[in-house]
Amino acid sequence: MSVRRAAAMTDPDIAVSTAGGDWDAAIHDAADRALRAARLVCRTLGQADAEAAVVLADDATVRALNRDYRGLDAPTNVLSFADLDGGQAAMGGRLLGDVVVALDTVRREASESGRPLADHFSHLVVHGM
């Protein structure tokens with residue numbers, strides 16, 4: 001009798017950091033929620049060995065990034081910066097890139113649409129990934 005063992009599923013390496021905004025007051029588990037959402041996307045897409053970063057920011061930070069990288073001088077809800085140059089891929093890594101989420105815009109959008117803030121936030125992390 002032969003026994004097959006499934007390969008151990010590794011968790012994607014997702015770093016979550018805060019670069020502005022009072023995320024803890026807005027969503028008490030924002031970092032954990034971002035981590036779960038990002039890892040779910042990676043696993044669903046078959047990229048369990050991927051690496052990415054999710055940055056929890058405020059509108060001022062996202063506005064500056066949007067202006068500097070997209071030429072749009074306004075905040076937006078989420079920005080994604082893919083590792084398109086293959087820097088990590090050349091070294092054998094699976095660096096996907098960075099996702100930056102703006103608290104103020106996400107809060108406003110959730111309120112305007114009648115959605116719970118935490119749910120809208122999770123949706124945007126998935127969208128950004």
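Whatever comes next refers back to the structure up there.
Computed from a prediction, not measured in an experiment: that's the story for all the values here.

**Student:** Even after reading the chapter, I still don't get the side chain of Asp58, so can you show me in this structure?
**Tutor:** Take Asp58: it is sitting in the loop between β2 (51–57) and α3 (59–70). Comment: no salt bridge for buried Asp58; closest opposite-charge side chain is Arg107, at 10 Å. Side chain to side chain, Asp58 and Thr61 meet in a polar contact 2.7 Å long. In contact with Asp58, not counting residues within four places along its chain, are Gly20, Gly21, Ala102, Leu103 and Asp104.

**Student:** Before we go on, may I ask you to explain the nonpolar core in this structure?
**Tutor:** Soluble globular proteins: nonpolar side chains tend toward being buried together. Counting 23 residues, the largest nonpolar core has Trp23, Ile27, Val54, Val101, Phe121 and Val125 as the members making the most contacts within it. Going through the elements one at a time, α2 (30–44), β2, β4 (95–102), α4 (103–113) and α5 (117–128) are the ones with two or more residues in this core.

**Student:** Would you explain the packing of α2 against α5 in this entry?
**Tutor:** Two packed helices can be described by the angle between their axes and the distance between those axes. Running from N to C, α2 and α5 point in directions that differ by 40 degrees, and their axes come no closer than 9 Å. In terms of orientation, α2 lies oblique with respect to α5. The two elements α2 and α5 meet at a crossing, and its hand is right-handed. Across from Ala30, Arg33, Ala34, Ala37, Ala38 and Val41 in α2, the residues of α5 making contact are Ala118, Asp119, Phe121, Ser122, Val125 and Val126. Classifying every residue of the contact of α2 with α5 gives nine nonpolar, one polar and two charged.

**Student:** Explain α5 here, please?
**Tutor:** When the terminal C-alpha atoms of α5 are compared, their 16 Å separation across 12 residues agrees well with the 16 Å that a helix rising 1.5 Å per residue should span. What α5 keeps buried is the set Leu117, Ala118, His120, Phe121, Ser122, Leu124, Val125 and Gly128.

**Student:** It is not clear to me how the packing of aromatic side chains should be interpreted in this structure. Could you clarify?
**Tutor:** One pair of aromatic rings is described through two measures. These are the centre distance and the angle between the planes. Across all of its chains, the model carries two aromatic pairs by this definition. For the ring pair Trp23 and Phe121, a centre distance of 5.0 Å and an interplane angle of 50 degrees mean the geometry is tilted. Of this pair, Trp23 sits in helix α1 (residues 23–26) while Phe121 sits in helix α5; the two residues are 98 residues apart in sequence, bridging distant segments of the chain. Both rings, one in Tyr69 and one in Phe81, keep their centres 5.3 Å apart while their planes meet at 70 degrees; by these two values the pair is edge-to-face. Remark: Phe81 occurs in strand β3 (residues 78–82) and Tyr69 occurs in helix α3; sequence separation between them is 12 residues. Note on Tyr69: relative accessible area 60%, which makes it exposed. The partly exposed category is assigned to Phe81, whose relative accessible area is 24%.

What counts and what doesn't
Residues numbered from 1 in each chain as written. Predicted model: local features only at pLDDT ≥ 70, side-chain atom pairs only at ≥ 80, totals over all residues. Heavy atoms only, no water. Helix = DSSP H or I, 4+ residues; strand = E, 2+ residues; numbered from the N terminus. Buried < 20%, exposed > 50% of the residue type's maximum accessible area, 1.4 Å probe, protein only. Lys, Arg positive; Asp, Glu negative; His and termini not counted. Salt bridge = Lys/Arg side-chain N within 4 Å of Asp/Glu carboxyl O. Polar contact = N/O pair within 3.5 Å; in protein donor to acceptor, adjacent residues only side chain to side chain. Contact = heavy atoms within 4.5 Å. Core = buried A, V, L, I, M, F, W, Y, C linked by side-chain atoms within 4.5 Å. Axes fitted to C-alpha atoms, helices over the stretch in contact; angles between N-to-C directions. Parallel < 35°, antiparallel > 145°, perpendicular 65-115°, else oblique. Left-handed = near helix turned anticlockwise from the far one by under 90°. Nonpolar A, V, L, I, M, F, W, Y, C, P; charged D, E, K, R; others polar. Expected span 1.5 Å × (residues − 1). Phe/Tyr/Trp six-rings, centres within 6.5 Å; stacked < 30°, edge-to-face > 60°.

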